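# Remarks on the overall topology
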Amino acid sequence: MRVLFAGGGTGGHLFPALAIAEEIKRLNKNNEIEFVGTRYGIEYRMREKLGYPLSLISMRGLPRKVSLNLLIFPFRVAWTVIQSIKILRRFKPDIVVGTGGYVAGPPIIAASMKKILCVIQEQNSFPGLVTRKLASHTNMIYLAYRKAEEYLPKRANRMLLGNPVRSSINSGDKNLAYEKFGLRRGRKTILILGGSQGARKINYAVLDGLKFLDDSVQLLWQCGEGDYKDVTERLDKKDFVVSLFPFSKDMELVYAAADIAIARAGALTIAELTACGIPAILIPYPYATANHQDYNAREIKKAGAAEVIADKDIDTVNPLQKAMTILASDKYEKMKSASLELGNVDTARKIALHIADLVQNKGEKLGDYHQG
């Protein structure tokens, strides 16, 4: 089958698409895959490493303020739908898979117009604008959170499957991880994650919280490219075990070493942490679109797998101190069990199999499909 993926802008939209694409190729190596993106997103910066052809459209996100860009936005949508139709005519996909972000909208609209099968994988507990507006025009919405159902039309077909992650994400070897990052056996490892760009407020809160550490723990710290030099300089005179890195492509090893994590509440980060059974202290990014990280964090806390610190409270509730408290209490094992229970390592395969079934049956067997 021929599958066109539309989703990008950030890793949170691109990496789920790559995880599903990987499983589609595993189903049949002759399956053909192409991606649609823009030159403004991570998909363009990673174009040499994607492993799949990338076609570009000139879509941009919806402006949040009244401006000339807001006035021309409807015309931009119309033009990028036309661009998407041209891609559909050339590639002739059996199905279009949207994984969110503004780039997913025009190809999904074009597929619906051309009567081509289309599905959306929604990562967040509060669905993105594309999902909310186009849900009833797709053959299926694959949801990560039950809460997201509240924001969809009742007639929209949906399945609750979790977020897709790479099948290898929980396969890291702990001994190899300790060797790679220079960590010591016998100590609990606190993982600090800020994404590829880092999270400055988290980084500085961790620096302020170093006084709470003792020799029972060590830090594995992804600080991002922007803060790496500053954090390194401030760590030079500190006497504890810390492995600092700006970004790692070997995330399965990073997670293998971790006992607890401090992180933002992006959907992909949460999916990977729970797939590996890692309890978390989540600090939702307050400027995320529609405050979706706060929605995500609340759902994970409700399940018992995380504690949440509001970004505005990070100066008074130190995440390192909270991590130390959890590690020393009975609560840690309960949070670990809850995280493992939430984790889904086979979501990408389930979605790939359902996509293959849709294509094989041309969507005729669906009817109303509301799987909870």
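Cut-offs used in this document
Residues numbered from 1 in each chain as written. Predicted model: local features only at pLDDT ≥ 70, side-chain atom pairs only at ≥ 80, totals over all residues. Heavy atoms only, no water. Helix = DSSP H or I, 4+ residues; strand = E, 2+ residues; numbered from the N terminus. Buried < 20%, exposed > 50% of the residue type's maximum accessible area, 1.4 Å probe, protein only. Axes fitted to C-alpha atoms, helices over the stretch in contact; angles between N-to-C directions. Parallel < 35°, antiparallel > 145°, perpendicular 65-115°, else oblique. Left-handed = near helix turned anticlockwise from the far one by under 90°. Contact = heavy atoms within 4.5 Å. Nonpolar A, V, L, I, M, F, W, Y, C, P; charged D, E, K, R; others polar. Salt bridge = Lys/Arg side-chain N within 4 Å of Asp/Glu carboxyl O.

### Notes on unusual backbone geometry
Even without a glycine there, the phi angle at Lys92 is positive, about 55°. Relative to the helices and strands, Lys92 resides in the loop between α3 (68-91) and β4 (95-98). With a relative accessible area of 56%, Lys92 lands in the exposed category. Located in the positive-phi region is Lys115, a residue other than glycine, with phi close to 60°. For Lys115, the position within the fold is in the loop between α4 (105-113) and β5 (117-122).

### Quick notes on the packing of helix α1 (residues 11-27) against helix α14 (residues 347-361)
Between α1 and α14, the shortest axis-to-axis distance is 8 Å and the interhelical angle comes to 60°. Considering their axes alone, α1 and α14 lie oblique with respect to each other. Two packed elements cross with a definite hand, and for α1 against α14 that hand is right-handed. Residues Ala19, Ile20, Glu23, Ile24 and Leu27 of α1 pack against Ala348, Arg349, Ile351, Ala352, Leu353, Ile355 and Ala356 of α14. Per-class residue counts for the contact of α1 with α14 are 10 nonpolar, no polar and 2 charged.

### So, the pattern of salt bridges
In this structure the tally under the stated criterion is 17 salt bridges. We note a salt bridge from Glu34 to Arg90, for which the minimum N-O separation is 2.5 Å. Of this pair, Glu34 sits in strand β2 (residues 32-37) while Arg90 sits in helix α3, placing them 56 residues apart in sequence. According to the relative accessible area criterion, Glu34 is buried, its value standing at 5%. When salt bridges that share partners are traced, they join Glu22, Glu23, Arg26 and Arg349 into one network.

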